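Examining the three-dimensional arrangement
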Amino acid sequence: MDFLNNNLLTVLIVLPLVAAVVTLVYHAAAKNENDLKWVTLGFTLLNFLVSLALFSKTAVAGASGFFFEQNVTWIRSINTNYHVGVDGLSFWLVILTTFIMPIAVLSTWHAVEKRSAAFYIFLLLLESAMIGVFVSLDLLVFYLFFEASLVPMFFLIGIWGGANRIYAAVKFFIFTAFGSLLMLVAIIALYYAYANIPGGTAAGTFDFVVILNALKMGTLTFAPQTGMLLFAAFAIAFAIKVPLFPFHTWLPDAHTEAPTAGSVILAAVLLKMGTYGLMRFNFALFPDQARETAWLFITLAIIGIIYGALVAMVQPDVKRLVAYSSVAHMGFVVLGMFSFTEMGMQGAVYQMLNHGVSTGALFLLVGFIYERRHTRDITEFGGLANVMPVYSTIFVFTVLSSVGLPFLNGFVGEFLIMIGMFQSHVLGITASVNWNYIAAMLAGTGVIFAAVYLLWMVQRVFFGKVTNDKNRTLSDLSWREIGLMVPLLVLMVYMGVYPKPFLSRTTEAVKALQERVMHQAGGTIERTGLTDPLNK
């Protein structure tokens, strides 16, 4: 048990790699390829069960504030370490990753017939890379995991995607790789900046905790222009991954062409790497610049919320509609983050989880109907509630969760973000106009538009008479498909009715990050009254 506690995060990263090797060996031995899905499912379930050890009450945070921390020398010549750990920002994202992977595997049970061994190997490699991103505390190690996550998804889209899969895969790779290279330049610059600290040891470091402590103590400082350039390099990489308007154009194509499992993972986990990176690195390392550019990110977030909703409204393809809804929902996350209020930032972290659950579920449901009809065109459907009542009920319930119906998960996150933005002072007040109120109200229109495009889609697809004879003989959900949806549906209700267990895990980390940004930027801490009730 001590071994697991001391190496838990490493086990979570390595276990999928072991599974990939087992899958490859099993395939090379010319065994039945149909068994590979069972091997992959078994390992992803095992990794999820192992990740539950993160809930251990005996875990104690280290001096740096991270739990299950492990820090060992990796490449001594450049002073880089294998340094991993979790805190409130990353805790639920690791759990979300291990939770969603078995669901993604089960979603492909009968959908992947060609090159199944390679498909499952890429899924496992992707899981390892995603977990690595959320737990890395060395900037170089973080970058390597961040880049490593691109390759499996590139092949998942490019080999098992739709008709325009090559275009979508290449576009996805070019966009995200470009941003990553900018971040790499900034990481190297930080390394040499630390090496040139006056009176220092002349040894650079990639360790996030070491660099952060140097910044807090004032031994490492940046000229305003240098700090802004470094902030921008990190921010562009993460804004592309979110994706934030106007860097969003790769997402609809990637989502539409990706296989169901790829779309689920992309929505549930990969997009969160962007918002997580902004909070972890941009806010912590460059608080002055984060404060100074808040107006820009809030503006882009609001544009993304409204633009994503309006474009979703006119989409003829159900999957593409859901893809554009992601642009709008992730805009809410960015809005809450840059409110710099405790409530808004808590809501942003919570909305990351909500989006993973609700939008991941929507992509699963779209995949189910595509396997039956091999089309996602809204005009091809109509009256499905008459022939697929179970499917229709679950779909409508998931849509209500995504819209933000009270007592479902989507409501909690959006409510916290909106209240946090109303309480914010980040945009200031000019000529008797409170721009924070204006921003919150403009973002609120996105909630209304979400109800319009999602409920209108539901009306056209599920209600009325069956207008296409091909739909009359469609089979309802199988027990496997229902079983896939049950845990997601339970989470939608539980997170909407009782969010305290989720929020209490993130409170301390969010509060520390908010104070870091506001104090460092010379601002005033904006108390929201959220912390005390959660800690009681």
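Structure first, text after, so check above.
Residues numbered from 1 in each chain as written. Predicted model: local features only at pLDDT ≥ 70, side-chain atom pairs only at ≥ 80, totals over all residues. Heavy atoms only, no water.

1. Details of the packing of helix α16 (residues 342-373) against helix α21 (residues 479-497)
Two elements in contact, α16 and α21, have axes separated by 10 Å at closest approach and are oriented at 155 degrees. Between α16 and α21, the angle falls in the class roughly antiparallel. When the axes of α16 and α21 are compared, the crossing they make is left-handed. Residues Y350, L353, N354, V357, S358, A361, L364, L365, F368, E371 and R372 of α16 form the contact with α21, whose participating residues are R480, E481, L484, M485, L488, L491, M492, M495 and G496. Looking at the contact of α16 with α21, its residues break down into 13 nonpolar, three polar and four charged. (Axes fitted to C-alpha atoms, helices over the stretch in contact; angles between N-to-C directions. Helix = DSSP H or I, 4+ residues; strand = E, 2+ residues; numbered from the N terminus. Parallel < 35°, antiparallel > 145°, perpendicular 65-115°, else oblique. Left-handed = near helix turned anticlockwise from the far one by under 90°. Contact = heavy atoms within 4.5 Å. Nonpolar A, V, L, I, M, F, W, Y, C, P; charged D, E, K, R; others polar.)

2. Some details on the nonpolar core
In this structure, L54, F208, F283, F395 and L488 are the most contacted members of the largest nonpolar core, which totals 191 residues. When residues in this core are grouped by element, the largest group, 16 residues, is from α16. Aside from chain neighbours lying at most four places away, what touches L488 is F99, I100, I103, V357, A361 and L364. (Core = buried A, V, L, I, M, F, W, Y, C linked by side-chain atoms within 4.5 Å. Buried < 20%, exposed > 50% of the residue type's maximum accessible area, 1.4 Å probe, protein only.)

3. Some remarks on the pattern of salt bridges
Following the criterion strictly, the structure yields eight salt bridges and no others. The residue R320 makes a salt bridge to D253 at a minimum N-O spacing of 3.3 Å. You can see R320 sitting in helix α15 (residues 318-337) and its partner D253 sitting in helix α10 (residues 250-257), a full 67 residues away along the chain. Here R372 ties to E481 by a salt bridge, and the two come within 2.7 Å at their closest N and O atoms. (Salt bridge = Lys/Arg side-chain N within 4 Å of Asp/Glu carboxyl O.)

4. Digging into unusual backbone geometry
In terms of backbone geometry, most residues other than glycine have negative phi values and most peptide bonds are trans. The omega torsion across V242 and P243 is -10 degrees, close enough to zero to call that bond cis. Of note, P243 is situated in the loop between α9 (224-241) and α10. The step from F245 to P246 runs through a cis peptide bond, and the omega angle for that step is 5 degrees. Inspection of the secondary structure assignment puts P246 in the loop between α9 and α10. Positive phi is not limited to glycine here, since F340 has a value of about 60 degrees.

5. Re helix α6 (residues 150-160)
In an α-helix, one full turn covers 3.6 residues, which means residues spaced three or four apart are oriented alike. Counted residue by residue, α6 has eight buried out of eleven residues, so it is predominantly covered. Among all positions of α6, only L150, P152, M153, L156, I157, G158, I159 and W160 are buried. Check the buried side of α6 and you find it contacts α4 (116-135), α5 (139-148), α7 (165-195), α9, α10 and α11 (260-270).

6. Regarding the packing of aromatic side chains
This model, assessed by the stated rule, comprises 41 aromatic pairs. An angle of 25 degrees between the planes, with centres 4.5 Å apart, marks the rings of Y191 and F206 as stacked. Of this pair, Y191 sits in helix α7 while F206 is found in the loop between α7 and α8 (208-217), placing the two residues 15 residues apart along the sequence. Ring geometry for Y391 and F395: centres 5.8 Å apart, planes at 55 degrees, overall tilted. Pair noted here: Y391 and F395 are both in helix α18 (residues 389-403), with a separation of four residues, about one helical turn. (Phe/Tyr/Trp six-rings, centres within 6.5 Å; stacked < 30°, edge-to-face > 60°.)

7. Examining the environment of G360
Take G360: it is sitting in helix α16. With 114 residues separating them along the chain, G360 and P246 place their C-alpha atoms 23 Å apart. Sequence-distant contacts of G360, that is, excluding residues within four places in its chain, are made with V264 and H355.

Don't take any of this as a statement about function, it's just geometry.
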